[in-house]
Amino acid sequence: MVKKRSIDPSESELYYHKSKEFLKVMHDCYERRQWNGVGLNAVHCSISISDALLAKAGIRNTSANHREAVKLLTQQFPGKETQDKVKHLKKVIDYKNLVEYEGRLFTQKESDTIILHTERFFTWVEEKL
């Protein structure tokens, strides 16, 4: 069972605001060729925009495992479209450990990939908000 708690749906706007800031910084880092910054901000953007959509439904993922948010999204918004779009969130989350904890630097190629998935997920959620 996914750990969650009820929250006021008005908190959705706070998470959305955070996600837009992370998205902007992700692009700023790309322009400066700061690949690790791209990766970290892509992860934070994707998690925050996911939180915004869940908050709109009045729930908050409380699990430390961000993959649980994927489960919550598919439970809360059932359907093929959601299943297709959360694949982008999964891809971004897959990069989380690499960019945060592995003993190597994030690359431009990885930055290109994570930006693609982040933007696709972000755009879909933004339409739902």
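What you are looking at is a predicted structure, and each value in this text was computed from that prediction instead of being measured.

A. Here's a closer look at the overall build of the protein. When you go through the protein residue by residue, the secondary structure sums to 5 helices and 2 strands. For the protein, the sequential pattern of α-helices and β-strands runs β-α-α-β-α-α-α. Taking 129 residues into account, the globule formula puts the C-alpha radius of gyration at 14 Å, and the protein, at 14 Å, falls close to it. Taken over the C-alpha atoms alone, the protein extends approximately 40 × 25 × 25 Å along its principal axes. Counting only residues that meet the buried cut, the protein has 44% of its 129 residues in that class. Across the protein, contacts joining residues at least 24 apart in sequence account for 72% of those joining residues at least 6 apart. Surface accessibility of the protein: about 7,100 Å² in total, with carbon and sulfur atoms responsible for 50%.

B. Structural detail: the packing of aromatic side chains. Applying the stated criterion across every chain, the model contains 4 aromatic pairs. Residues Tyr16 and Phe122 carry aromatic rings whose centres are separated by 6.3 Å and whose planes lie at 20 degrees to one another, so their mutual orientation is stacked. Note that Tyr16 is positioned in helix α1 (residues 12-31) and Phe122 in helix α5 (residues 108-128), a separation of 106 residues in sequence. Accessibility classification places Tyr16 together with Phe122 in one group, the buried group. Pairing Tyr95 with Phe106 gives two aromatic rings, centres 5.6 Å apart and planes at 85 degrees, and the pair type is edge-to-face. Residue Tyr95 is found in helix α4 (residues 80-101), and its partner Phe106 is found in the loop between α4 and α5; the two are separated by 11 residues along the sequence. Comparing Tyr95 with Phe106 shows no difference in burial state: the two are buried.

C. A look at helix α2 (residues 35-56). Taking 1.5 Å as the rise per residue, α2 with 22 residues should run 32 Å; its terminal C-alpha atoms sit 32 Å apart, in good agreement. Burial of α2 is extensive: 18 of the 22 residues sit out of reach of the surface. Just beyond α2, the residue with positive phi is Gly58, at close to 85 degrees.

D. Spotlight on the pattern of salt bridges. Applying the stated criterion across every chain, the model contains 10 salt bridges. Note that Asp84 is salt-bridged to Lys87, the shortest N-O span being 4.0 Å. In this pair, Asp84 and Lys87 are both assigned in helix α4, 3 residues apart and thus about one turn of the helix distant. Take Lys87: its relative accessible area is 47%, and that puts it in the partly exposed class. With a closest N to O distance of 2.7 Å, Lys96 and Glu100 form a salt bridge. Separated by 4 residues within a single helix, Lys96 and Glu100 lie in helix α4, roughly one turn from each other. Glu100 sits in the partly exposed class, given a relative accessible area of 26%.

E. Quick look at the side chain of Ser50. Relative to the assigned elements, Ser50 resides in helix α2. What makes Ser50 buried here is its relative accessible area of 1%. The residues touching Ser50, leaving out its near neighbours within four places in the chain, are Ala69, Leu73, Leu89 and Phe121.

F. Region of interest: the packing of α1 against α5. One way to put it is that α1 packs onto α5 with a least axis distance of 11 Å and a crossing angle of 155 degrees. Relative to α5, α1 is oriented roughly antiparallel. In this structure, α1 crosses over α5, and the sense of that crossing is left-handed. Residues Tyr16, Ser19, Lys20, Leu23, Met26, His27 and Tyr30 of α1 pack against Gln108, Ser111, Asp112, Ile115, Thr118, Glu119, Phe122 and Glu126 of α5. When its residues are assigned to classes, the contact of α1 with α5 shows 6 nonpolar, 5 polar and 4 charged.

Rules and cut-offs
- Just so you know, the residues in each chain are numbered from 1, in the order the chain's sequence is written.
- With the structure being a predicted model, the display of local features is reserved for residues of pLDDT at least 70 and the display and counting of side-chain atom pairs for 80 or more, all residues being used for whole-chain, interface and lining totals.
- The side-chain figures draw on all heavy atoms in the structure; neither hydrogens nor water molecules are used.
- Helix numbering and strand numbering both begin at the N terminus, where a helix is a DSSP run of H or I of at least 4 residues and a strand a DSSP run of E of at least 2.
- Note on method: radius of gyration uses C-alpha positions; expected globular size equals 2.2 Å times residues raised to 0.38.
- Summary of the burial criterion: residues with accessible area below 20% of their type's maximum are buried, those above 50% are exposed, and those between are partly exposed, where the area comes from a 1.4 Å probe applied to protein chains only.
- We call two residues in contact whenever any of their non-hydrogen atoms come within 4.5 Å of each other.
- Surface accessibility follows the Shrake-Rupley procedure with a 1.4 Å probe radius. Residue values consider only the protein chains on display as shielding.
- Each Phe, Tyr or Trp ring, with Trp reduced to its six-membered ring, pairs with another whose centre is within 6.5 Å; inter-plane angles below 30 degrees give stacked pairs, above 60 give edge-to-face pairs, and intermediate values give tilted ones.
- By definition here, a helix of n residues has an expected span of 1.5 Å times n minus one.
- The term salt bridge refers to a pairing of a side-chain nitrogen on Lys or Arg with a carboxyl oxygen on Asp or Glu at a separation within 4 Å.
- Think of each axis as a best-fit line through the C-alpha atoms, taken over the contacting stretch in the case of a helix, with angles from 0 to 180 degrees between the N-to-C directions.
- Any angle that is under 35 degrees is reported as roughly parallel, and any over 145 degrees as roughly antiparallel; angles of 65 to 115 degrees are reported as roughly perpendicular and all others as oblique.
- In this scheme the handedness of a crossing depends on how the near helix is turned from the far one: anticlockwise by less than a right angle means left-handed, clockwise means right-handed.
- Basically, the charged four are Asp, Glu, Lys and Arg, the nonpolar ten are Ala, Val, Leu, Ile, Met, Phe, Trp, Tyr, Cys and Pro, and anything else, Gly included, counts as polar.

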